[in-house]
Amino acid sequence: MLEARNVTKRFGGLVAVSNASLEVAAGSIVALIGPNGAGKTTLFAAMTGFHKPDSGSVTFDGADITGLQPHEIARRGLVRTFQIVQPFGALSVRENIAVGAHLREPNRAAALARAGEIAIRLGMGNMLDQPAATLTVAGRKRLEVARALATSPKLILLDEVMAGLNPTEIDEIVPIIRAVRDAGTTVLLIEHVMRAVMRLSERVYVLNQGRMIAEGTPQEVAARPEVVEAYLGHGAAQRIASVSA
Amino acid sequence: MSAWLQRALLGASLLAALAFPLVAESGFWIKFAFTTLLFAYLGQAWNILGGYGGQFSFGHALFFGTGAYAAAIAQTAFGLNPWLGLPLGALAGGAVGWAAGYLSFRYGLRGSYFALVTLAFAEVFRILANAVPFTGAGVGLFVPLQPGWAQLQPGPIGFYYIVLALVFASLWFAWRIENSRFGAQLMAVRENEAAAAALGVDAYALKVRAIALSGAMTGVGGVLYVQFYLYIDPSLAYGPGISVEILLVPIIGGLGTIFGPLIGSIVLHAASELARRIMGDAPGIHLVFYGVLLVVMVRFLPDGLAGLLRRKRKAEVPRNA
Amino acid sequence: MLEFQILLPSIVNGLTLGAVYALVALGLTLIYGVLHIINFAHGSLLMAALYAAFFAHAGLGLDPYLAMPLLAAAFFVVGYALQRWVIGKASHGKDQNVLLVTLGISIAIENLALYLFRADTRTIETPISYEMLDLGIALVPYPRAIGFAAALGIAALLWWTIERTDLGRAIRAVAKERQGAKLVGIDVDHVFALSFGIGTAVLGAAACLLLPSFYVSPSVGNVFVLVAFTVVVLGGMGSFTGALVGGLAIGVTESVGGLFLGQQLGQLGIFVIFIALLLFRPTGLFGSRLA
Ligand SMILES: Nc1ncnc2c1ncn2[C@@H]1O[C@H](COP(=O)(O)OP(=O)(O)O)[C@@H](O)[C@H]1O
Ligand SMILES: [Mg+2]
């Protein structure tokens, strides 16, 4: 459904993403992992039109979307969230989510109603009339997901939506993401929380210093010594093994 | 404020507005009310772009003057009926707005730079209007006196009702914007353009639409101004004075609120009339007052008077941050 | 070549005008470079300085050139106070608020002048007002020649202050990285106000150089403010040499443009350059601020 082929993105002299390729099959949950600064967010941005790739191509739903504007890509059903949350601060939670809903729903009342439903689905039902600026970090992360979901995307790109959440909150959001997929939206997620990656994803891509260094099922990838060595750090292999056991 | 009280207040002010000419004993107050309402209307036009869209224009005179000149020239040179001048002014103001928006937003101008470029556009038009013959150059343009509704010169009271109708239309329009997809997306762009784009909002197209709409509305205001005063010249039309007065109104009243421009215009013109009576009618003094007011508002009440009310109301509701 | 004979003096004339533009723009670019704000009141502060110089001459009999240090000091204080207690406090962290506040200040000053002094245009005469310096290719009025030389001298002094003094080092540190500067114990608000003060002091000096060959009226600031903006945009926001070269270039453009198109349309040329620059080269010239 989504395919990035040999994508390269430079910032001045820095090659943030180098010749990276990945593929996401319709109906799957795929994870993109890698240490901080590996280029994961940049790859997301390059696939969604926020950065123009210096070379390489991105195909979505059978069409070449390389170099399209972000809003054009979103309209085709490929929607991202932001790792650094970007709420519409002065608007309420309901109004925030309704902006997403308006992508497919011109009617104001219907969009607001849909926003309410989605907020409830994500456990934000009691915050609907709160200005987004007053949300906690966890709340803002959820708002990112809620807004993106409200656009009824075919594929949603989640950028570290669990970072900064406590274990209970993570346990809450894992089934939500699974439900999203079960409702028909393909998921590609960037995540550091390995416990969630192992539980959720069917395939894992590993990015390190801009290069894709491994790809496979979570178990396969976790077993690759170069992956562990390259970036997960000491003790990570055991942690993963204990989780997947 | 409970809902019924709000409605009662609205109803009462509507009645008061309709009855005003019957009780106003002098032409002075009618004229005062005309100016106040005209700027409430113009301020609302600015508010669409600046308040809801977050794009601060320092050059709304560009649209005001273009509307005014378009209608005045069409009338004096081609004998167009001034009633038709109204849609013509809207068209001219909208077209210039579209062009200014196309140029500045296409090249990604924002914030202070957008403000500067709109000001520069207005200045270019002022210099051109001073230089070309069909605007009457520096001498200005006189519109013939033809009293009567047929030629859009219905006298002060007639003008009062026309501009009152425009204010109502603009309030309704702002309400529509607050409750429409267009408005929701426009506010999203104001708050965070990247996030809006990620949700499929075409920020550029939206901003161009907003400035074209705002320009069209402002152009109509210019036409009415010319018909009322029967005269226009380059500094009246395109000078910074108009641009500043237009933007002051919503900033005083409250950006991005339905009633902000109306409240702002009433407060601004009442206070400036008061200042005039105290300090006399010397040239420039009311603009000194405007300048100081702008500084004081931004310093102490950046959300305007409507923001003050809202802040009070919010403070009453406990919330979990 | 008759045209050449007119053209050369016109260029020289433009250079002398441009040096003063450059000086005014230097103040603006310093403020922009350090505070990252666009000071809309720059032109009206220059106008105020011109009136100060005028009345120092008319009332106290002070020669503008002698009044220069006095005026520079006075306007330093004005600028410092404005930034510290008005503009800085009103910004609430938003660029647009700064622009609105400085717009408000400029309207207030300009119209206060209109109220106090009426719209009259005033000039002064100094002993050298009608003396000409013969450069061979062109005759230059002495006040303009002095203005040219002094403007370059002040620019050099300013450069030296920024590059070679402790104050300059603090200013550069704040300009580059205000959080970091705060961490190492620099009083950022104070440095902001100092920079604004210096940018305004330059106007005090520029007014003294300008007055003997120019005029003062309440709207004279408008002539300069957009020119100064254009110069700053042309030369690159915050760039010193840029402001100098840009100022001279605009001065020559206006002078030569006025020769062929008439004065009013010559001014139009500046606006057109300004708009074109804003539209087509904003990122290049404004750095990353627009990205
Ligand atoms: N807009 C940008 N300009 C310059 N460098 C950037 C920009 N965005 C990211 N980078 C750099 O690119 C590299 C990859 O960053 P990022 O994609 O955010 O990594 P990740 O999401 O994997 O943590 C980092 O070195 C980062 O500093
Ligand atoms: Mg990242």
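Predicted model, so just to flag it, every value in this text is computed and none were measured.

A. Local environment of the overall build of chain B. The helix and strand tally for chain B stands at 14 helices and 2 strands. In terms of overall dimensions, chain B is globule-like: its C-alpha atoms have a radius of gyration of 20 Å, near the 20 Å expected for 321 residues. Looking at chain B as a whole, 55% of its 321 residues qualify as buried. The long-range share in chain B, meaning contacts at least 24 apart out of those at least 6 apart in sequence, stands at 78%.

B. Up close: the overall build of chain C. Of the regular secondary structure elements, chain C holds 12 helices and 2 strands. Its C-alpha atoms give chain C principal-axis dimensions of roughly 60 × 45 × 40 Å. Out of the 291 residues belonging to chain C, those deemed buried represent 53%. Taking as baseline every contact in chain C between residues at least 6 positions apart, the subset at least 24 positions apart corresponds to 77%.

C. Representation of the confidence of the model for chain C in the model. Residue and element names in this part refer to chain C. Confidence along chain C averages 84 in pLDDT terms, with 93% of residues attaining 70 or more. Note on residues 283-291: pLDDT is under 50 here. Beyond four places in sequence and across chains, it has 13 contacts. Confidence metrics for the complex model read pTM 0.88 and ipTM 0.89.

D. Seen up close, the interface of chain A and chain B. In this assembly, 25 residues from chain A lie in contact with 20 residues from chain B. Counting residues per element, the ones that place at least two in the side of chain A that touches chain B are α2 (70-75), β6 (78-80), α3 (93-101) and α4 (108-121) of chain A. Of the residues that constitute the side of chain A that touches chain B, the class distribution is 12 nonpolar, 8 polar and 5 charged.

E. Here's a closer look at the packing of helix α5 (residues 111-131) of chain B against helix α4 (residues 95-117) of chain C. It is the contact of α5(B) with α4(C), at a shortest axis distance of 8 Å, that shows an interaxial angle of 40°. Comparing the axis directions of α5(B) and α4(C) gives the class oblique. From α5(B), B:G111, B:S112 and B:A115 reach across to α4(C), where they touch C:D95, C:Q96 and C:L99. Split into classes, the residues belonging to the contact of α5(B) with α4(C) amount to 2 nonpolar, 3 polar and 1 charged.

F. Looking closely at the interface of chain C and chain B. Contact residues are listed per partner, giving 35 residues for chain C and 37 residues for chain B. Of all the secondary structure elements, the ones that give two or more residues to the side of chain C that touches chain B are α3 (64-90), α4, α9 (220-235) and α11 (263-280) of chain C. Per-element tally for the side of chain C that touches chain B: the top contributor is α4(C), with 15 residues. A class-by-class count of the residues in the side of chain C that touches chain B yields 26 nonpolar, 7 polar and 2 charged.

G. Quick look at the arrangement of the chains. The highest contact count of any of the 2 pairs of chains in contact belongs to chains B and C. In this assembly chain A lies apart from chain C, the nearest approach of their C-alpha atoms being 12 Å.

H. View of the sheet that holds strand β9 (residues 203-208) of chain A. Residues and elements named next belong to chain A. Pairing is mixed across the open sheet formed by 6 strands, whose spatial order is β6-β7-β8-β3-β9-β10. Both outer strands of the open sheet, β6 and β10 (211-216), are each paired with one neighbouring strand and no more. Here the strands of the sheet are splayed against their neighbours by 15° on average, with no regard to which way each runs. Note: strand β3 (residues 29-33) against strand β8 (residues 186-190), 4 bridges, orientation parallel. When the sheet's bridge partners are listed, L32 is paired in β8 with I190.

I. A look at the nonpolar core. Membership of the largest hydrophobic core comes to 286 residues, with the highest contact counts inside it found for B:V163, C:A22 and C:A207. Sort the elements by how many residues they give to this core and helix α1 (residues 2-35) of chain C lands first, with 17 residues. The residues contacting C:A22, other than those within four sequence positions of it, are C:A151, C:A155, C:V231, C:A243, C:L244, C:G247 and C:L248.

J. A look at the packing of helix α3 (residues 61-78) of chain B against helix α4 (residues 82-106) of chain B. Residue and element names in this part refer to chain B. Close contact between α3 and α4 brings their axes to 8 Å; oriented N to C, the two are set at 140°. On the basis of the axis angle, α3 is oblique to α4. The chirality of how α3 crosses α4 is right-handed. Contacts from L62, F63, T66, G67, A70, A71, A74 and Q75 in α3 reach P82, G85, L88, G89, A92, G93, V96, G97 and A100 in α4. Taken together, the residues that form the contact of α3 with α4 break down as 10 nonpolar, 7 polar and no charged.

K. Just the confidence of the model for chain B, in detail. Per-residue pLDDT for chain B has a mean of 89; in total, 95% of the residues score no lower than 70. Below a pLDDT of 50 lies the segment residues 315-321 of chain B, which in the model reaches 3 contacts outside its immediate sequence neighbourhood of four places, other chains included.

L. Representation of helix α6 (residues 167-182) of chain A in the model. Residue and element names in this part refer to chain A. Taking 1.5 Å as the rise per residue, α6 with 16 residues should run 22 Å; its terminal C-alpha atoms sit 23 Å apart, in good agreement. All of the buried residues along α6 are I173, I177 and V180. Taken end-on, α6 shows its buried residues confined to a sector of 55°, consistent with a single buried face. Away from its buried face, by an angle of more than 90 degrees, α6 presents the exposed residues P167, T168, P175, A179 and D182. Where α6 is buried, its residues touch α5 (137-150), β7 (155-159), β8 and α7 (194-200).

M. A look at unusual backbone geometry. Unlike most non-glycine residues, A:N6 shows phi in positive territory, near 50°. Looking at the element boundaries, A:N6 is found in strand β1 (residues 2-11).

N. Molecular detail of the site of ligand 1. All names here are of chain A. As a matter of local geometry, ligand 1 sits amid F11, L14, A16, G34, N36, G37, A38, G39, K40, T41 and T42. Of all the secondary-structure elements, those providing two or more residues to the shell around ligand 1 are β2 (14-24) and α1 (40-47). Considering each element in turn, the shell around ligand 1 owes the most residues, 3 residues, to α1. Along the lines of polarity and charge, the residues of the shell around ligand 1 split into 4 nonpolar, 6 polar and 1 charged.

The rules behind these values
- Residues numbered from 1 in each chain as written.
- Chains lettered and ligands numbered in written order.
- Predicted model: local features only at pLDDT ≥ 70, side-chain atom pairs only at ≥ 80, totals over all residues.
- Helix = DSSP H or I, 4+ residues; strand = E, 2+ residues; numbered from the N terminus.
- Rg over C-alpha atoms; globule rule 2.2 N^0.38 Å.
- Buried ≥ 20, exposed ≤ 12 C-beta atoms within 10 Å, placed from the backbone.
- Contact = placed C-beta atoms within 7 Å.
- pLDDT = per-residue confidence, 0-100.
- Nonpolar A, V, L, I, M, F, W, Y, C, P; charged D, E, K, R; others polar.
- Axes fitted to C-alpha atoms, helices over the stretch in contact; angles between N-to-C directions.
- Parallel < 35°, antiparallel > 145°, perpendicular 65-115°, else oblique.
- Pairing = 2+ DSSP bridges.
- Core = buried A, V, L, I, M, F, W, Y, C linked by C-beta atoms within 7 Å.
- Left-handed = near helix turned anticlockwise from the far one by under 90°.
- Expected span 1.5 Å × (residues − 1).
- Arc of directions from axis to C-beta.
- Near = placed C-beta within 6 Å.

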